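Residues per chain are reported as follows:
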Amino acid sequence: MPSPKKVKKLNRAAAEAIFERFHEIEPEPKGELDYVNAFTLLVAVVLSAQATDAGVNKATKRLFELAPSPAAMVALGVDQITELIKTIGLYRGKAKNVFALSQMLIDLHGGEVPDNREALEALPGVGRKTANVVLNIYFKQPTIAVDTHLFRVGNRTGLAPGKTPLEVELALTKQVPERFMLHAHHWLILHGRYICKARKPECWRCPIREWCLFEPKTPLPGG
DNA sequence: ATCCCGAGGG
DNA sequence: CCCTCTGGAT
(Lines give C-alpha, C1' and ligand atoms only; values in the text may rest on other atoms or scores of the structure.)
Protein backbone atom coordinates (compact mmCIF):
# COMPACT_ATOMS: atom_id res chain seq x y z
CA MET A 1 0.00 0.00 0.00
CA PRO A 2 1.22 3.49 -0.78
CA SER A 3 2.65 5.01 2.35
CA PRO A 4 1.66 8.66 2.74
CA LYS A 5 4.98 10.40 2.36
CA LYS A 6 5.26 12.86 5.21
CA VAL A 7 6.07 16.38 4.11
CA LYS A 8 8.01 18.43 6.61
CA LYS A 9 5.86 21.32 7.67
CA LEU A 10 6.34 24.06 10.22
CA ASN A 11 3.90 24.21 13.10
CA ARG A 12 1.60 27.17 13.71
CA ALA A 13 3.80 28.68 16.40
CA ALA A 14 6.78 28.80 14.04
CA ALA A 15 4.61 30.26 11.29
CA GLU A 16 3.37 32.94 13.63
CA ALA A 17 6.90 33.78 14.72
CA ILE A 18 7.94 34.17 11.09
CA PHE A 19 5.24 36.74 10.36
CA GLU A 20 5.92 38.56 13.60
CA ARG A 21 9.48 38.88 12.36
CA PHE A 22 8.43 40.10 8.91
CA HIS A 23 6.18 42.66 10.54
CA GLU A 24 8.95 43.79 12.83
CA ILE A 25 11.32 44.31 9.90
CA GLU A 26 8.83 45.89 7.46
CA PRO A 27 5.46 46.89 8.93
CA GLU A 28 4.06 48.17 5.63
CA PRO A 29 5.49 46.09 2.75
CA LYS A 30 4.85 47.48 -0.70
CA GLY A 31 4.76 45.85 -4.11
CA GLU A 32 7.03 47.05 -6.88
CA LEU A 33 4.64 47.19 -9.82
CA ASP A 34 3.73 50.71 -10.99
CA TYR A 35 0.05 51.63 -11.37
CA VAL A 36 -2.23 54.62 -10.86
CA ASN A 37 -5.69 53.07 -10.47
CA ALA A 38 -7.54 49.76 -10.32
CA PHE A 39 -7.46 49.32 -14.09
CA THR A 40 -3.74 49.90 -14.47
CA LEU A 41 -3.06 47.61 -11.52
CA LEU A 42 -5.06 44.86 -13.18
CA VAL A 43 -3.24 45.32 -16.49
CA ALA A 44 0.16 45.48 -14.82
CA VAL A 45 -0.49 42.21 -13.01
CA VAL A 46 -1.67 40.52 -16.22
CA LEU A 47 1.53 41.67 -17.92
CA SER A 48 3.67 40.46 -15.04
CA ALA A 49 3.17 36.76 -15.76
CA GLN A 50 6.62 35.16 -16.16
CA ALA A 51 8.19 38.61 -16.31
CA THR A 52 10.12 40.82 -13.93
CA ASP A 53 8.33 43.79 -12.42
CA ALA A 54 11.15 46.06 -13.58
CA GLY A 55 10.55 44.97 -17.14
CA VAL A 56 6.79 45.40 -16.77
CA ASN A 57 7.22 48.89 -15.34
CA LYS A 58 9.35 49.90 -18.30
CA ALA A 59 6.57 48.90 -20.70
CA THR A 60 3.63 50.18 -18.66
CA LYS A 61 5.26 53.59 -18.38
CA ARG A 62 4.73 53.87 -22.13
CA LEU A 63 1.39 52.06 -22.17
CA PHE A 64 -0.38 53.83 -19.30
CA GLU A 65 0.62 57.26 -20.50
CA LEU A 66 -1.49 56.60 -23.58
CA ALA A 67 -4.11 54.33 -22.01
CA PRO A 68 -4.82 54.62 -18.29
CA SER A 69 -8.46 53.58 -18.80
CA PRO A 70 -10.35 50.74 -20.50
CA ALA A 71 -11.78 53.09 -23.15
CA ALA A 72 -8.37 54.49 -24.02
CA MET A 73 -6.93 50.97 -24.14
CA VAL A 74 -9.62 49.82 -26.57
CA ALA A 75 -9.06 52.93 -28.67
CA LEU A 76 -5.37 52.07 -28.85
CA GLY A 77 -6.06 48.72 -30.52
CA VAL A 78 -4.28 45.38 -30.34
CA ASP A 79 -1.48 46.28 -32.74
CA GLN A 80 -0.48 49.43 -30.85
CA ILE A 81 -0.63 47.62 -27.53
CA THR A 82 1.52 44.85 -28.98
CA GLU A 83 4.17 47.31 -30.11
CA LEU A 84 4.19 49.09 -26.76
CA ILE A 85 4.71 45.94 -24.68
CA LYS A 86 6.99 44.07 -27.06
CA THR A 87 9.83 44.09 -24.53
CA ILE A 88 7.89 41.82 -22.18
CA GLY A 89 7.87 38.05 -22.51
CA LEU A 90 4.69 36.44 -23.89
CA TYR A 91 3.77 39.84 -25.30
CA ARG A 92 1.48 38.75 -28.13
CA GLY A 93 -0.96 36.86 -25.94
CA LYS A 94 -0.79 39.52 -23.28
CA ALA A 95 -1.62 42.29 -25.78
CA LYS A 96 -4.70 40.40 -26.98
CA ASN A 97 -5.81 39.78 -23.42
CA VAL A 98 -5.36 43.38 -22.32
CA PHE A 99 -7.39 44.59 -25.28
CA ALA A 100 -10.20 42.04 -24.83
CA LEU A 101 -10.21 42.53 -21.08
CA SER A 102 -10.60 46.29 -21.47
CA GLN A 103 -13.52 45.84 -23.86
CA MET A 104 -15.13 43.42 -21.41
CA LEU A 105 -14.81 45.84 -18.52
CA ILE A 106 -16.70 48.40 -20.60
CA ASP A 107 -19.38 45.98 -21.75
CA LEU A 108 -20.00 44.17 -18.48
CA HIS A 109 -18.83 46.38 -15.62
CA GLY A 110 -19.34 50.00 -16.60
CA GLY A 111 -15.63 50.43 -17.20
CA GLU A 112 -14.80 49.53 -13.61
CA VAL A 113 -12.69 46.69 -12.24
CA PRO A 114 -14.97 44.20 -10.47
CA ASP A 115 -14.29 43.45 -6.82
CA ASN A 116 -15.12 39.75 -6.81
CA ARG A 117 -13.23 36.64 -7.86
CA GLU A 118 -15.83 35.28 -10.27
CA ALA A 119 -15.96 38.40 -12.40
CA LEU A 120 -12.20 38.87 -12.32
CA GLU A 121 -11.41 35.31 -13.37
CA ALA A 122 -13.90 35.60 -16.22
CA LEU A 123 -11.61 38.19 -17.80
CA PRO A 124 -9.12 36.94 -20.43
CA GLY A 125 -5.63 36.54 -19.03
CA VAL A 126 -6.86 36.63 -15.46
CA GLY A 127 -6.55 33.46 -13.40
CA ARG A 128 -6.63 32.79 -9.69
CA LYS A 129 -3.25 34.32 -8.95
CA THR A 130 -3.95 37.60 -10.76
CA ALA A 131 -7.42 37.85 -9.23
CA ASN A 132 -5.94 37.33 -5.78
CA VAL A 133 -3.43 40.12 -6.31
CA VAL A 134 -6.10 42.64 -7.34
CA LEU A 135 -8.43 41.58 -4.53
CA ASN A 136 -5.63 41.88 -1.99
CA ILE A 137 -3.79 44.98 -3.14
CA TYR A 138 -6.65 47.13 -4.36
CA PHE A 139 -9.73 45.85 -2.54
CA LYS A 140 -7.89 44.96 0.67
CA GLN A 141 -9.25 41.44 0.85
CA PRO A 142 -7.35 38.73 2.77
CA THR A 143 -6.29 36.73 -0.26
CA ILE A 144 -2.84 35.25 -0.83
CA ALA A 145 -1.64 35.21 -4.42
CA VAL A 146 0.80 32.36 -4.95
CA ASP A 147 3.31 33.13 -7.66
CA THR A 148 6.65 31.49 -8.39
CA HIS A 149 8.20 33.10 -5.31
CA LEU A 150 5.48 32.14 -2.84
CA PHE A 151 5.44 28.63 -4.24
CA ARG A 152 9.18 28.25 -3.77
CA VAL A 153 9.33 29.90 -0.35
CA GLY A 154 6.34 27.95 0.95
CA ASN A 155 7.89 24.65 -0.04
CA ARG A 156 11.51 25.40 0.70
CA THR A 157 10.94 26.73 4.21
CA GLY A 158 8.26 24.21 5.16
CA LEU A 159 5.93 27.07 5.97
CA ALA A 160 3.33 25.91 3.44
CA PRO A 161 4.29 22.82 1.44
CA GLY A 162 2.20 21.86 -1.61
CA LYS A 163 2.43 20.27 -5.03
CA THR A 164 0.40 23.02 -6.69
CA PRO A 165 0.04 26.78 -6.18
CA LEU A 166 -3.49 26.22 -4.89
CA GLU A 167 -2.27 23.77 -2.25
CA VAL A 168 0.34 26.27 -1.10
CA GLU A 169 -2.29 29.01 -1.05
CA LEU A 170 -4.66 26.97 1.14
CA ALA A 171 -1.81 25.98 3.44
CA LEU A 172 -0.84 29.63 3.81
CA THR A 173 -4.37 30.72 4.69
CA LYS A 174 -4.12 28.33 7.63
CA GLN A 175 -0.56 29.23 8.61
CA VAL A 176 -0.75 33.01 8.42
CA PRO A 177 -2.29 34.71 11.46
CA GLU A 178 -5.35 36.72 10.43
CA ARG A 179 -3.89 40.03 11.51
CA PHE A 180 -1.02 39.53 9.04
CA MET A 181 -3.07 38.21 6.12
CA LEU A 182 -3.25 41.52 4.23
CA HIS A 183 0.54 41.85 4.08
CA ALA A 184 1.55 38.18 3.78
CA HIS A 185 1.72 38.28 -0.02
CA HIS A 186 4.14 41.19 -0.15
CA TRP A 187 6.32 39.95 2.67
CA LEU A 188 6.74 36.56 1.06
CA ILE A 189 7.29 37.82 -2.45
CA LEU A 190 9.95 40.30 -1.35
CA HIS A 191 11.58 37.64 0.79
CA GLY A 192 11.64 35.28 -2.21
CA ARG A 193 12.93 37.93 -4.57
CA TYR A 194 15.80 39.29 -2.53
CA ILE A 195 16.79 36.63 0.01
CA CYS A 196 15.18 33.22 -0.58
CA LYS A 197 16.15 33.43 -4.25
CA ALA A 198 15.59 30.58 -6.69
CA ARG A 199 19.23 30.01 -7.56
CA LYS A 200 21.38 31.22 -4.69
CA PRO A 201 19.29 31.70 -1.57
CA GLU A 202 21.15 34.00 0.82
CA CYS A 203 20.49 32.03 3.96
CA TRP A 204 23.28 33.73 5.90
CA ARG A 205 21.28 36.96 5.96
CA CYS A 206 17.83 35.43 6.20
CA PRO A 207 15.71 36.91 9.00
CA ILE A 208 13.63 33.74 9.43
CA ARG A 209 16.35 31.11 9.20
CA GLU A 210 15.90 29.98 12.80
CA TRP A 211 12.54 28.48 11.83
CA CYS A 212 13.31 27.38 8.26
CA LEU A 213 13.53 23.67 7.39
CA PHE A 214 15.65 24.19 4.26
CA GLU A 215 19.21 22.96 4.38
CA PRO A 216 21.41 25.23 2.30
CA LYS A 217 24.11 23.63 0.15
CA THR A 218 26.65 26.13 1.33
CA PRO A 219 26.67 25.99 5.13
CA LEU A 220 26.53 29.17 7.14
CA PRO A 221 29.86 30.64 8.24
CA GLY A 222 30.70 29.09 11.59
CA GLY A 223 27.84 26.66 11.37
C1' DA B 1 1.58 18.40 -20.44
C1' DT B 2 2.52 22.04 -23.53
C1' DC B 3 2.71 26.54 -25.52
C1' DC B 4 3.49 31.49 -25.21
C1' DC B 5 8.49 34.47 -25.05
C1' DG B 6 11.77 39.04 -24.03
C1' DA B 7 15.13 40.83 -20.72
C1' DG B 8 18.45 40.28 -17.28
C1' DG B 9 21.71 37.69 -14.42
C1' DG B 10 25.28 34.26 -13.67
C1' DC C 1 25.23 29.17 -22.69
C1' DC C 2 21.27 28.27 -19.03
C1' DC C 3 17.92 29.82 -15.60
C1' DT C 4 14.46 32.83 -13.83
C1' DC C 5 10.88 36.21 -13.74
C1' DT C 6 4.32 38.34 -9.17
C1' DG C 7 0.76 32.61 -15.16
C1' DG C 8 -3.01 31.48 -18.06
C1' DA C 9 -5.33 28.88 -21.63
C1' DT C 10 -5.67 24.75 -24.17
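Since the structure is predicted, the reported quantities are computational estimates derived from the model, not experimental observations. (Residues numbered from 1 in each chain as written. Chains lettered and ligands numbered in written order. Predicted model: local features only at pLDDT ≥ 70, side-chain atom pairs only at ≥ 80, totals over all residues. Heavy atoms only, no water.)

Another point: the overall build of chain A. A tally of regular secondary structure across chain A gives 11 helices and 0 strands. Considering only C-alpha atoms, chain A reaches an extent of 60 × 40 × 35 Å along its principal axes. Burial status across chain A gives 46% buried among its 223 residues. When the accessible surface of chain A is summed, it comes to about 12100 Å², and 56% of that surface belongs to carbon and sulfur atoms. The average position of the 30 basic charges and that of the 23 acidic charges among the side chains of chain A differ by 9 Å. (Helix = DSSP H or I, 4+ residues; strand = E, 2+ residues; numbered from the N terminus. Buried < 20%, exposed > 50% of the residue type's maximum accessible area, 1.4 Å probe, protein only. Areas by Shrake-Rupley, 256 points an atom, 1.4 Å probe, with all protein chains shown as cover. Lys, Arg positive; Asp, Glu negative; His and termini not counted. Charge placed at Lys NZ, Arg CZ, Asp CG, Glu CD.)

On to the UniProt feature "binding site: [4Fe-4S] cluster" (unreviewed entry) in chain A, then. If you check UniProt for "binding site: [4Fe-4S] cluster" (unreviewed entry), the listed places come out as Cys196, Cys203, Cys206 and Cys212 in our numbering. For this annotated set, covering 17 residues, all C-alpha atoms fall within 10.8 Å of each other, a compact arrangement in space. Look at Cys206 and you get buried, because its relative accessible area is 12%. Cys206 has contacts with His191 and Ile195, leaving out every residue within four places of it along the chain. For Cys212, the location among the structural elements is in the segment after helix H11 (181-194). If we skip the residues at most four places from it in the chain, Cys212 touches Arg156 and Thr157. (UniProt positions renumbered as here; feature names shortened; annotations may be inferred. Contact = heavy atoms within 4.5 Å.)

What follows covers the pattern of salt bridges. With the rule as written, the count across this model stands at 11 salt bridges. A salt bridge links Lys86 to Glu83; the nearest nitrogen and oxygen atoms lie 3.2 Å apart. Glu121 is the partner of Arg117 in a salt bridge, and the nearest nitrogen-oxygen pair spans 3.2 Å. Of this pair, Arg117 and Glu121 both sit in helix H7 (residues 117-121), separated by 4 residues, roughly a single helical turn. Three or more residues joined by partner-sharing salt bridges are found here, namely Glu16, Glu20 and Arg179. (Salt bridge = Lys/Arg side-chain N within 4 Å of Asp/Glu carboxyl O.)

So, about the protein's contact with DNA strand B. As a structural note, the neighbourhood of DNA strand B is formed by Gln50, Lys58, Lys86, Thr87, Ile88, Gly89, Leu90, Tyr91, Arg92 and Arg199. Within 4 Å of the protein, the contacting atoms of DNA strand B are drawn from sugar and phosphate to the extent of 57%. Between a sugar or linking oxygen of DNA strand B and a main-chain N or O atom of Thr87, the distance comes to 3.5 Å. Within the backbone of Leu90, a nitrogen or oxygen atom sits 2.7 Å from a sugar or linking oxygen of DNA strand B. Partitioned by chemical class, the residues of the surface near DNA strand B number 3 nonpolar, 3 polar and 4 charged. (Near = heavy atom within 4 Å. Polar contact = N/O pair within 3.5 Å; in protein donor to acceptor, adjacent residues only side chain to side chain. Nonpolar A, V, L, I, M, F, W, Y, C, P; charged D, E, K, R; others polar.)

The next thing to look at is helix H8 (residues 128-137). Of all 10 residues in H8, 8 are buried, a share of seventy percent or more. The complete set of buried residues in H8 reads Thr130, Ala131, Asn132, Val133, Val134, Leu135, Asn136 and Ile137. Looking at the buried side of H8, the elements it contacts are helix H2 (38-47), H7, helix H10 (165-175) and H11.

As a further point, take the packing of aromatic side chains. For any two aromatic rings, the description comes down to two numbers: the centre-to-centre distance and the angle of the planes. What the rule picks out here adds up to 5 aromatic pairs. Ring geometry for Phe22 and Trp187: centres 6.4 Å apart, planes at 20°, overall stacked. Of the two residues, Phe22 is situated in helix H1 (residues 12-25) and Trp187 in helix H11; the sequence distance between them amounts to 165 residues. Residues Phe22 and Trp187 agree in their burial class; the two are buried. Aromatic pair Phe180 and Trp187: ring centres 5.7 Å apart, planes at 75°, arrangement edge-to-face. We classify Trp187 as buried; its relative accessible area is 4%. Sitting over the face of the ring of Phe214, Arg156 holds its NZ or CZ atom 5.0 Å from the ring centroid. (Phe/Tyr/Trp six-rings, centres within 6.5 Å; stacked < 30°, edge-to-face > 60°. Lys NZ or Arg CZ within 6 Å of the ring centre and 35° of its normal.)

On to the UniProt feature "domain: HhH-GPD" (unreviewed entry) in chain A. Mapped onto this numbering, the UniProt entry annotates "domain: HhH-GPD" (unreviewed entry) at residues 47-194. This span, residues 47-194, is 66% helix and 0% strand, and a straight line between its end C-alpha atoms measures 21 Å.

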